[in-house]
Amino acid sequence: LVEVARLMVRERIHCVAVVEDPDGEAERFVGVLSDLDLVAAADGGALDVPAGPAAGDPAVGTRTDPTLATAEREMLEAGVQHLVV
């Protein structure tokens, strides 16, 4: 998580998509790790763990063609602050 935090500061971003590639063939989307997830991990003293377990749940995604209004509705219905496109 420390490496992810440094990346987020360097790139001035508030969240990252976390993927894993356990078999070297195809990445699997795990979730979104936000700055608030990092704060919660730090509060629990767990910054030396992999990013996957700290990624927010549920991860919600959408296609590239919905309108912003549709994307907003999807986020509200799912109760999330980040939507992966």
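Located above this text is the structure these notes cover.
Residues numbered from 1 in each chain as written. Predicted model: local features only at pLDDT ≥ 70, side-chain atom pairs only at ≥ 80, totals over all residues. Heavy atoms only, no water.

A. Local environment of the overall build of the protein chain. Secondary structure assignment for the protein chain yields four helices and two strands. Taken from the N to the C terminus, the helices and strands of the protein chain come in the order α-β-β-α-α-α. Overall, the C-alpha framework of the protein chain stretches about 40 × 35 × 25 Å when taken along its three principal axes. Within the protein chain, counting contacts between residues at least 6 apart in sequence, those at least 24 apart form 37% of the total. A total accessible area of about 6100 Å² is found for the protein chain, and carbon and sulfur atoms account for 53% of it. Charge-centre separation for the protein chain: the mean point of 6 positive side chains lies 6 Å from the mean point of 16 negative side chains. (Helix = DSSP H or I, 4+ residues; strand = E, 2+ residues; numbered from the N terminus. Contact = heavy atoms within 4.5 Å. Areas by Shrake-Rupley, 256 points an atom, 1.4 Å probe, with all protein chains shown as cover. Lys, Arg positive; Asp, Glu negative; His and termini not counted. Charge placed at Lys NZ, Arg CZ, Asp CG, Glu CD.)

B. Focus on unusual backbone geometry. Even without being glycine, arginine 12 reaches a positive phi, approximately 55 degrees. Relative to the assigned elements, arginine 12 resides in the loop between helix H1 (2–11) and strand S1 (15–20). We classify arginine 12 as exposed; its relative accessible area is 75%. (Buried < 20%, exposed > 50% of the residue type's maximum accessible area, 1.4 Å probe, protein only.)

C. Geometry of a negative patch on the surface. Together, Asp21, Asp23, Glu25 and Glu27 line one region of the surface with negative charge. Take glutamate 27: its relative accessible area is 60%, and that puts it in the exposed class. (Patch = residues over 30% accessible without salt bridge, like charges linked within 9 Å, V, L, I, M, F, W, Y side chains within 5 Å. Salt bridge = Lys/Arg side-chain N within 4 Å of Asp/Glu carboxyl O.)

D. View of the nonpolar core. Counting residues in each nonpolar core, the largest one holds 11 residues, listed as Leu1, Val4, Met8, Val16, Val18, Leu33, Leu38, Ala41, Ala51, Ala54 and Ala55. Within the residue set of this core, elements represented by two or more residues are H1, S1, helix H2 (35–43) and helix H3 (51–54). (Core = buried A, V, L, I, M, F, W, Y, C linked by side-chain atoms within 4.5 Å.)

E. Molecular detail of the environment of methionine 8. One can find methionine 8 in helix H1. In this structure, the C-alpha to C-alpha distance between methionine 8 and valine 18, residues 10 residues apart in sequence, is 13 Å. Ignoring any residue separated from it by four or fewer positions in sequence, one finds methionine 8 in contact with Ile13, His14, Cys15, Val16, Leu33, Ser34, Asp35 and Leu38.

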